[in-house]
Amino acid sequence: MTHAGTVPRELEIALPWGKIAAQEWKTPESKRQILMLHGWQDNSNTFKKLVPLLPSEWHMVAIDFPGHGLSSHRMQGLPYHGPDFVIDVKAAVNHLGWKNYSIIGHSMGAGIAQSVASCFPDEVQSLVCIDMIKPISAKADTSLQTLRRGVVAHLGYDPSKDRTYGRDEAVDRYFEATAYTLTRESVAVLLERGLKEVSPGQFKYTRDRRLQFPSLFRFTTEQHLDMMKDLKCDLMIIKAIDTPQFEKPEVEEEFLHLYAKNCRRFVFAKSEGTHHLHLNTPENVSTLIEDFLHLVPEVDGDTHAKNTSGKDDHTVLVADKDKIAQAVKSFKEDSSARINGVIS
């Protein structure tokens, strides 16, 4: 059974600095707890078309990050820092009372999920990252320039001057701004939570425009590498074929090696689609996600390749979108064998 037909329940998580809005999909048979984290300037509706394809045994909660969707904006004068979203996620999890859970994250949400899983390894059982290999890192030699630009942008911002649009114009602008990684249908889904009517026929985006300002703080690659050393849960990364790399190939490959070495199970799968493949074509990833989260860590000769490095609790699956349980290469002591074994 799937969540097809399950009507999400609106949740409101009250926090000292405002509210986090969320959607909850739950049936009487739902047991496994799964948190869902959206990408930059999106909202929890990014999972609206994926959830109905997933098992009804899963209790899923998708949040709107602060400044996104129906959640509160940060107070004026307080910028958005990527690491702050880790606090928001942990606060939401504490409110839900979850002690052991999995996370499905897209883009920015996947990077934040990796940080959460690294910080709290005893809580996060497994992690699915959609079209994001690692958190986006800052270049150390651009820190001052970025800081200067961010300070100027924040001090010059007047929210009362945010523009209003007719609905069709708002949809067109959103569609064009996403570099066509979204279909118009997907844009309409996101804007169900991404627009608010402020006068008859006139709308504003619900996301905080300060999200577009240069970040005043971001970790470097070296810092992210140090953080991700503690990412040891089951991990699957689904990379969209029709999307660019966000960082240099050698940087992303270094992180893939790290995951293959440290994670209990590691999958790097490629699937047809653009950056928002889980929303545009959810059928391309739903089976991958379901199979991965249903699999158990024990080594099975038919579906797993075994690590020969002496760490018996580490296994990896290498899969395409059609069959996740297809191992294409046995482990080698060097994790490069595991990375090079990916098929698309």
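The structure we're discussing is the one just above.
Residues numbered from 1 in each chain as written. Predicted model: local features only at pLDDT ≥ 70, side-chain atom pairs only at ≥ 80, totals over all residues. Heavy atoms only, no water.

K.L.:
Explain the packing of aromatic side chains to me, using residue names and the numbers behind them.
P.N.:
Evaluation of the coordinates by the stated rule reveals 9 aromatic pairs. Consider the rings of tyrosine 165 and tyrosine 205, whose centres lie 5.5 Å apart with planes at 50 degrees: the pair is tilted. Of this pair, tyrosine 165 sits in the loop between α3 (143-155) and α4 (167-177) while tyrosine 205 sits in strand β8 (residues 202-205), and the two are 40 residues apart along the sequence. A relative accessible area of 12% places tyrosine 205 in the buried class. Three or more aromatic residues joined by ring pairs make a cluster, and in this case those are Phe65, Tyr80 and Phe85. Over the face of the ring belonging to phenylalanine 120 we find lysine 90, whose NZ or CZ atom lies 4.9 Å from the ring centre. (Phe/Tyr/Trp six-rings, centres within 6.5 Å; stacked < 30°, edge-to-face > 60°. Helix = DSSP H or I, 4+ residues; strand = E, 2+ residues; numbered from the N terminus. Buried < 20%, exposed > 50% of the residue type's maximum accessible area, 1.4 Å probe, protein only. Lys NZ or Arg CZ within 6 Å of the ring centre and 35° of its normal.)

K.L.:
Which residues make up the state of the cysteines, and what values do they have?
P.N.:
Within this structure, the stated rule accounts for 0 disulfides. Free cysteine: cysteine 263, not disulfide-bonded; nearest cysteine sulfur from cysteine 233 at 5.9 Å. (Disulfide = S-S within 2.5 Å.)

K.L.:
Describe the nonpolar core, naming the residues involved and giving the relevant values.
P.N.:
Grouped together as the largest cluster of nonpolar side chains are 47 residues, with contacts concentrated most on Ile63 and Tyr259. Leaving out residues up to four positions away in the same chain, isoleucine 63 has contacts with Ile20, Ala21, Ala22, Leu35, Met36, Leu37, His38, Ser44, Val89 and Ala92. Grouped together as the second largest cluster of nonpolar side chains are 24 residues, Ala62, Ala240, Ala269 and Leu277 included. (Core = buried A, V, L, I, M, F, W, Y, C linked by side-chain atoms within 4.5 Å. Contact = heavy atoms within 4.5 Å.)

K.L.:
Account for the pairing of strand β7 (residues 195-199), naming residues and giving values.
P.N.:
A regular strand carries its side chains on alternate faces of the sheet. Note: β7 against β8, 4 bridges, orientation antiparallel. Bridging across to β8, lysine 196 finds its partner in lysine 204. Turn length for the β7-β8 hairpin, with the two strands adjacent in sequence and antiparallel, is 2 residues, and the turn residue glycine 201 shows positive phi of about 80 degrees. (Pairing = 2+ DSSP bridges.)

K.L.:
Can you explain the side chain of serine 107? Please cite residues and give values.
P.N.:
Inspection of the secondary structure assignment puts serine 107 in the loop between β5 (101-106) and α2 (108-119). On the basis of relative accessibility, which here comes to 11%, the residue serine 107 falls in the buried class. For serine 107, the residues in contact, after removing those within four places along its chain, are Gly39, Ile130, Asp131, Met132 and His275.

K.L.:
Which residues make up unusual backbone geometry, and what are the values?
P.N.:
The residue glutamine 41 is not glycine, and still its phi comes out positive at about 65 degrees. Secondary-structure assignment places glutamine 41 in the loop between β3 (32-37) and β4 (58-63). One non-glycine residue, aspartate 131, lies in positive phi territory at about 55 degrees. Assessed through its relative accessible area of 0%, aspartate 131 is described here as buried.

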